[in-house]
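Spelled out from the first residue to the last, the chains are:
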Amino acid sequence: MVDTTSPVREAATVAYTPVELNRLISREIAGRLREVAAMHQNIGDAMAVGDGVTFDEWRRSIWHHAEAHRLEQLAAAELAGVTDGADR
C-alpha cells in the first residue's frame with residue numbers, strides 16, 4: 001500500500017562520467033555473461049552424469065562446457081576493457 005501521509009521525497013540525481021557509465025555497463029554485462037556461463041556449466045554437468053549417457057548427450061555436454069568457457073572468457077575480456085581504459 002502506498003503511504004499518502006508522508007511528505008513527498010525528491011528523487012536523487014546521480015551523474016556519471018562516460019567512463020564511469022561504461023564501467024557500470026561492462027560490469028553488468030560481465031555479470032550476466034557469467035550467469036549464462038554457469039547455466040551452461042550446470043547443464044553440461046547434468047548431461048554427463050550417469051552410466052547410460054549416449055554419445056549425443058556426451059557431445060552436447062561437451063558443447064555446453066565449451067560454451068560456458070567461451071562466455072567466461074568474454075566476461076573476462078569485458079572486465080579487462082574496463083580496467084584498460086580506466087585512466088582515459
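The preceding data block contains the structure.
The numbering scheme is per chain: residues are counted from 1 as the chain's sequence reads. For this predicted model, a pLDDT threshold of at least 70 governs which residues receive local features, and a threshold of 80 or more governs which side-chain atom pairs are given and counted, while totals over whole chains, interfaces and linings are taken from all residues. Hydrogens are left out, water is left out, and the side-chain values use all remaining heavy atoms of the structure.

Caption draft 1: Representation of the overall build of the protein. Numbering of helices and strands runs from the N terminus; a helix is a DSSP stretch of H or I covering at least four residues, while a strand is a stretch of E covering at least two. Of the regular secondary structure elements, the protein holds 2 helices and 0 strands. Contacts in the protein between residues at least 24 apart in sequence constitute 71% of all its contacts with a sequence separation of at least 6. Throughout, the Shrake-Rupley method with a 1.4 Å probe supplies accessible areas, and for residues the shown protein chains are the sole cover considered. Of the accessible surface of the protein, which amounts to about 7100 Å², a share of 57% is contributed by carbon and sulfur atoms. In this description, contact between two residues means that some pair of their heavy atoms is separated by no more than 4.5 Å.

Caption draft 2: The nonpolar core, seen in detail. The biggest cluster of nonpolar side chains holds 6 residues, and these are Ala30, Leu33, Ala37, Ala68, Leu71 and Ala75. Contributions of two or more residues to this core are made by α1 (18-47) and α2 (55-84). The contact partners of Leu71, leaving out residues within four places of it in the chain, are Leu33, Val36, Ala37 and His40. Nine residue types can take part in a nonpolar core, namely buried Ala, Val, Leu, Ile, Met, Phe, Trp, Tyr and Cys, and a core is a set of them joined through side-chain atoms within 4.5 Å. Remark: exposure states derive from per-residue accessible area (1.4 Å probe, protein chains only) relative to the maximum for the residue type, with buried under 20%, exposed over 50%, and partly exposed in between.

Caption draft 3: Geometry of a nonpolar patch on the surface. A surface patch of nonpolar side chains, amounting to about 530 Å² of accessible area, comprises Val14, Tyr16, Leu21, Leu24, Ile25 and Ile29. Among the structural elements, Tyr16 can be located in the segment before α1. Patch membership needs two things, relative accessible area over 30% and no salt bridge, and members are linked within 9 Å if like-charged or within 5 Å if nonpolar (Val, Leu, Ile, Met, Phe, Trp, Tyr). When a carboxyl oxygen of Asp or Glu is within 4 Å of a side-chain nitrogen of Lys or Arg, the pair counts as a salt bridge.

Caption draft 4: Here's a closer look at the environment of Gly81. Relative to the helices and strands, Gly81 resides in helix α2. As a C-alpha pair, Gly81 and Ser26 span 55 residues in sequence and 8.2 Å in three-dimensional space.

Caption draft 5: Just the packing of aromatic side chains, in detail. In this scheme Phe, Tyr and Trp rings, the latter by its six-membered ring, pair at centre separations within 6.5 Å, and the angle between planes marks the pair as stacked below 30 degrees, edge-to-face above 60, and tilted otherwise. For the structure on display, the rule yields 1 aromatic pair. Note on Phe55 and Trp58: the rings are 5.8 Å apart at their centroids and 35° apart in plane angle, and the pair reads as tilted. Of this pair, Phe55 and Trp58 are both found in helix α2, 3 residues apart, which corresponds to roughly one turn of the helix.

Caption draft 6: Representation of the pattern of salt bridges within the structure. Taken as a whole and judged by the stated rule, the model has 4 salt bridges. Glu35 is the partner of Arg32 in a salt bridge, and the nearest nitrogen-oxygen pair spans 3.0 Å. Of this pair, Arg32 and Glu35 both sit in helix α1, 3 residues apart, which is roughly one turn of that helix. Where Arg34 meets Glu72, a salt bridge forms, and the shortest distance between an N and an O atom there is 3.2 Å. Remark: Glu72 occurs in helix α2 and Arg34 occurs in helix α1; sequence separation between them is 38 residues.

Geometric descriptors of this kind do not, in isolation, establish any biological role.
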